[in-house]
Every structure is written in structure tokens, then in C-alpha cells.
Amino acid sequence: MKADVGPDRVIETLIKRNLHEVFGERDAEKRREAIAQLWTEDCVFIDHSGKSHGRDELDRAVAVLHQRLPGYVFSELRPVDLLHESGRLAWSYGRPGQEPVKGVDVVLARDGRISLMLTFLDEVPAKL
């Protein structure tokens, strides 16, 4: 990240890029490049499916998500909410015209990269 960018802007950029370039990216090579740029090597990702340690496990977790829910896309629901070295982003994930999954990502950053992300699901359609 650029040195002239304030810490709040860094967090906002990280969390938005992560949503679209990591979790929204179906091209495995592009996704791995984004993970290397945005996440620490010792990162931790926790969601309802479990806990992933490190970049390789994170990449596998995203690949499984894409296999399970083909054609789904992410959208931001609200602006990023910032707090020191952390932020949260509300999102929806679904197919156009269908009821989406809605949730929130809470991110903790270290040295300009995501070190921890917790994903909470707020609304899950009955037909998923």
C-alpha cells in the first residue's frame, strides 16, 4: 500500500478489494495473486465452515465456496465501517434476481495486510 494513504483508507481499500478480488474472483491464478497482495502469510479466516490458517487454506476455502455456489456474485450493502486497524463490510452474495445470502466481514489488518477475517452470516435464504 502507498505510504501517503492514511490508515483508514488502507483498511477500506483492503476490505473492498478482498470482497471482489479474493472472494469474488473465480479465476484461481488472479485470486492467489490478490491473496498474496492483501493477506499476511500467517492469516486466519473464520466463517461458519471453520477456520483457515494461511494463504493456501484461504484460497481452498474460497474455491470451495465458488464450487458450491456457481454464478453467485458479491455486492457491497453499505460503506466500510472503520475502527483503528480494523473494519467491517456488509455484503450480499447471490444470483441476479434471486434472494441473496447477506453477511458481514470483520477484518483486522497488520502492516497493511489482512491478518484476520471473521465472516458472519446475517440472512441465508431457505433455498440455498
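Check the entry above for the structure.
About the thresholds
- Residues numbered from 1 in each chain as written.
- Predicted model: local features only at pLDDT ≥ 70, side-chain atom pairs only at ≥ 80, totals over all residues.
- Heavy atoms only, no water.
- Salt bridge = Lys/Arg side-chain N within 4 Å of Asp/Glu carboxyl O.
- Helix = DSSP H or I, 4+ residues; strand = E, 2+ residues; numbered from the N terminus.
- Buried < 20%, exposed > 50% of the residue type's maximum accessible area, 1.4 Å probe, protein only.
- Lys, Arg positive; Asp, Glu negative; His and termini not counted.
- Polar contact = N/O pair within 3.5 Å; in protein donor to acceptor, adjacent residues only side chain to side chain.
- Arc of directions from axis to C-beta.
- Core = buried A, V, L, I, M, F, W, Y, C linked by side-chain atoms within 4.5 Å.
- Contact = heavy atoms within 4.5 Å.

Honestly, the pattern of salt bridges in this entry has me stumped. Any pointers?
Oppositely charged side chains can pair when the atoms bearing their charge come close. Summed over the entire model, instances satisfying the criterion amount to 8 salt bridges. Between E12 and K16 there is a salt bridge; the shortest N-O distance is 3.4 Å. Remark: K16 and E12 occur in helix 1 (residues 7-23); sequence separation between them is 4 residues, near one turn of the helix.

Would you take a moment to explain unusual backbone geometry for this structure?
Of all residues except glycine, most have a negative phi; of all peptide bonds, most are trans. Unlike most non-glycine residues, H84 shows phi in positive territory, near 55°. When you line up the elements, H84 lands in the loop between strand 4 (81-83) and strand 5 (86-94). Unlike most non-glycine residues, D111 shows phi in positive territory, near 55°. Among the structural elements, D111 can be located in the loop between strand 6 (101-110) and strand 7 (113-123). According to the relative accessible area criterion, D111 is exposed, its value standing at 73%.

Explain the side chain of D105 here, please?
With respect to the helices, strands and loops of the structure, D105 is situated in strand 6. Although D105 is buried, it makes no salt bridge; R78 carries the closest opposite charge, 11 Å away. Polar contacts involving the side chain of D105 include one to the side chain of W91, which spans 3.0 Å. Within the structure, the side chain of D105 is placed 2.8 Å from the side chain of T119, a separation counted as a polar contact.

Please explain helix 2 (residues 28-38) as it appears in this structure.
In an α-helix, one full turn covers 3.6 residues, which means residues spaced three or four apart are oriented alike. Those residues of helix 2 that fall on the buried side of the exposure criterion are R31, A34, I35 and L38. The buried residues of helix 2 all sit within an arc of 105° when viewed along its axis, so they share a single face. Here helix 2 starts with a cap whose side-chain oxygen sits 3.1 Å from the backbone nitrogen of E29, and that cap is D27.

Which parts of the structure should I look at to understand the nonpolar core?
Most often, soluble globular proteins keep nonpolar side chains buried together rather than apart. If you look at the biggest cluster of nonpolar residues, it comprises 27 residues, and the most contacted ones within it are V22, F23, W39, L58, Y93 and M117. Elements that contribute at least two residues to this core include exactly helix 1, helix 2, strand 1 (39-47), helix 3 (54-68), strand 5, strand 6 and strand 7. Looking at this core element by element, the count peaks at 7 residues for helix 1. Filtering out sequence-adjacent residues up to four positions away, M117 remains in contact with N18, F23, W39, V44, F45, I46, D105, V106 and V107.

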